[in-house]
Amino acid sequence: MMRHKEYILFDLDGTLTDPAEGITKSVAYALEHFGIHAGDRGELLKFIGPPLKESFPEFYGLDEETTLKAIGKYREYYSKKGIFENRLIEGIDVLIEELSESGRQLAVATAKPEVYAEIVLGHFGIRKYFRCVCGAELHGPRITKDDVIAYALEKAGIADTSATVMVGDREHDVIGARRAGLDCIGVLFGYGSREELISAGAALVVETVEELREVLL
């Protein structure tokens, strides 16, 4: 079924790259500004995926004003160092190339600010495989995964949702895809659990990049 999908939307963090070091260091840097000591950076992995505007209040009880300041401090570190404290998911670059060569139309749909997503994909040399890169706005209303996926479909000129699939590692990817009328493949080489992805309504869940390849090709 998934082999017939013409358009494939990919999440970025936890799906194409493993940004754990950069994101957790950026969050820790932001929290330190407010006198909050995160301790083990492993506790901050939950920040990978959801929008920061949701995560700071949910995980640390920050009010709206403080959250905006925290996001500013996060970006202070991330834009200079954290963005490059990142690595490609092993084998994903080969899969992306194979999908592109097979004639699939690929796009990125990420809750990461679009300007950062472009830098990351360029840094790893895989930007050329994507028809478009769609992300959140730094200072605009497009923040949630629902918004980003809707924007990606419009920007890529995709009208046939039945020919389109989303690939992501968190429930936000699955929920956003379903609200847009898309199937979603959940991947376990990122930061979501099988239970999280299935509960959100993933059409399929795969453990490895090779399994993802078998499903798509």
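What you see is a predicted model; the values in this text were computed from it and never measured. (Residues numbered from 1 in each chain as written. Predicted model: local features only at pLDDT ≥ 70, side-chain atom pairs only at ≥ 80, totals over all residues. Heavy atoms only, no water.)

(A) Structural view of the environment of arginine 170. Secondary-structure assignment places arginine 170 in the loop between β6 (164-168) and α7 (171-179). On a C-alpha basis, the gap between arginine 170 and alanine 117 in space is 17 Å, while along the polypeptide they are 53 residues apart. Contact partners of arginine 170, with chain neighbours within four places excluded, come to Lys46, Ile48, Gly49, Pro50, Tyr191, Gly192, Glu196 and Leu197. Within the local environment of arginine 170, its side chain forms a polar contact with the side chain of glutamate 196, the two groups lying 2.9 Å apart. (Helix = DSSP H or I, 4+ residues; strand = E, 2+ residues; numbered from the N terminus. Contact = heavy atoms within 4.5 Å. Polar contact = N/O pair within 3.5 Å; in protein donor to acceptor, adjacent residues only side chain to side chain.)

(B) Up close: helix α4 (residues 92-101). Residues of α4 that are buried include every one of Ile92, Leu95, Ile96 and Leu99, and no others. Take α4 and look down its axis: the buried residues cluster within an arc of 100 degrees, on one side only. At its buried positions, α4 is contacted by β1 (7-10), β3 (87-88), β4 (105-113) and α9 (209-216). In the segment just after α4, glycine 103 is the residue with positive phi, at about 100 degrees. (Buried < 20%, exposed > 50% of the residue type's maximum accessible area, 1.4 Å probe, protein only. Arc of directions from axis to C-beta.)

(C) Spatial organisation of the layout of surface pockets. By volume, the largest pocket amounts to about 490 Å³. Among the elements of the structure, α2 (52-60), α3 (64-78), β4 and α7 are those that each provide at least two residues to the lining of the largest pocket. If one sorts the elements of the lining of the largest pocket by residue count, α3 sits on top with six residues. Taken together, the residues of the lining of the largest pocket break down into 15 nonpolar, six polar and ten charged. (1 Å grid on protein atoms, 1.4 Å probe; cavity = no way out; pocket = protein on both sides within 12 Å on 5 of 7 lines; lining within 4 Å. Points joined across faces, edges and corners; volume = space filled by probe spheres on them. Nonpolar A, V, L, I, M, F, W, Y, C, P; charged D, E, K, R; others polar.)

(D) Seen up close, the nonpolar core. Phe10, Leu16, Phe56, Ile92, Phe130, Ile185 and Leu212 are the most contacted members of the largest nonpolar core, which has 50 residues in total. Among the elements that take part in this core, helix α1 (residues 20-33) stands out by supplying six residues, more than any other. (Core = buried A, V, L, I, M, F, W, Y, C linked by side-chain atoms within 4.5 Å.)

(E) Expanded view of the packing of α4 against α9. Remark: α4 packs on α9, axes separated minimally by 10 Å, with the N-to-C direction vectors making an angle of 10 degrees. On the basis of the axis angle, α4 is roughly parallel to α9. Where α4 approaches α9, its residues Ile92, Leu95, Glu98 and Leu99 are matched on the opposing element by Val209, Leu212, Arg213 and Leu216. Of the residues contributing to the contact of α4 with α9, the split by class is six nonpolar, no polar and two charged. (Axes fitted to C-alpha atoms, helices over the stretch in contact; angles between N-to-C directions. Parallel < 35°, antiparallel > 145°, perpendicular 65-115°, else oblique.)

(F) Quick peek at the sheet that holds β1. Overall, parallel pairing links the six strands, which are arranged β5-β4-β1-β6-β7-β8 in an open sheet. Every interior strand has two partners, whereas the edge strands, β5 (132-136) and β8 (204-206), have only one. With direction set aside, neighbouring strand axes in the sheet form an average angle of 25 degrees. Across the sheet, α7 touches β6 and β7 (183-187), and the angle it forms with β7 is around 170 degrees. (Pairing = 2+ DSSP bridges.)

(G) Inspection of the pattern of salt bridges at higher detail. Applying the stated rule across the entire model yields 17 salt bridges. The salt bridge involving lysine 112 is made with aspartate 13; its shortest N-O contact spans 3.0 Å. With lysine 112 in strand β4 and aspartate 13 in the loop between β1 and β2 (17-18), the pair connects residues that are 99 residues apart, well separated along the chain. Like aspartate 13, lysine 112 is buried. (Salt bridge = Lys/Arg side-chain N within 4 Å of Asp/Glu carboxyl O.)

(H) Structural detail: the environment of methionine 166. Tracing the backbone shows methionine 166 in strand β6. Accessibility expressed as a relative area gives 0% for methionine 166, which makes it buried. Here the alpha-carbon distance between methionine 166 and leucine 216, two residues 50 residues apart in the chain, equals 11 Å.

(I) Region of interest: the packing of aromatic side chains. All told, the structure shown has seven aromatic pairs when counted by the stated rule. Considering the side-chain rings of phenylalanine 47 and phenylalanine 59, the 5.3 Å spacing of their centres and the 65 degrees angle between planes classify their relative orientation as edge-to-face. One end of the pair, phenylalanine 47, is in the loop between α1 and α2; the other, phenylalanine 59, is in helix α2, and twelve residues separate them in sequence. On the basis of relative accessible area, phenylalanine 47 is assigned to the buried category, the value being 2%. Using a relative accessible area of 25% as the deciding quantity, one classes phenylalanine 59 as partly exposed. Within the aromatic cluster, the residues linked to one another by ring pairs are Phe47, Phe56, Phe59 and Tyr60. The ring of tyrosine 151 has arginine 142 sitting right over it, with the charged end atom 3.6 Å from the ring centre. (Phe/Tyr/Trp six-rings, centres within 6.5 Å; stacked < 30°, edge-to-face > 60°. Lys NZ or Arg CZ within 6 Å of the ring centre and 35° of its normal.)

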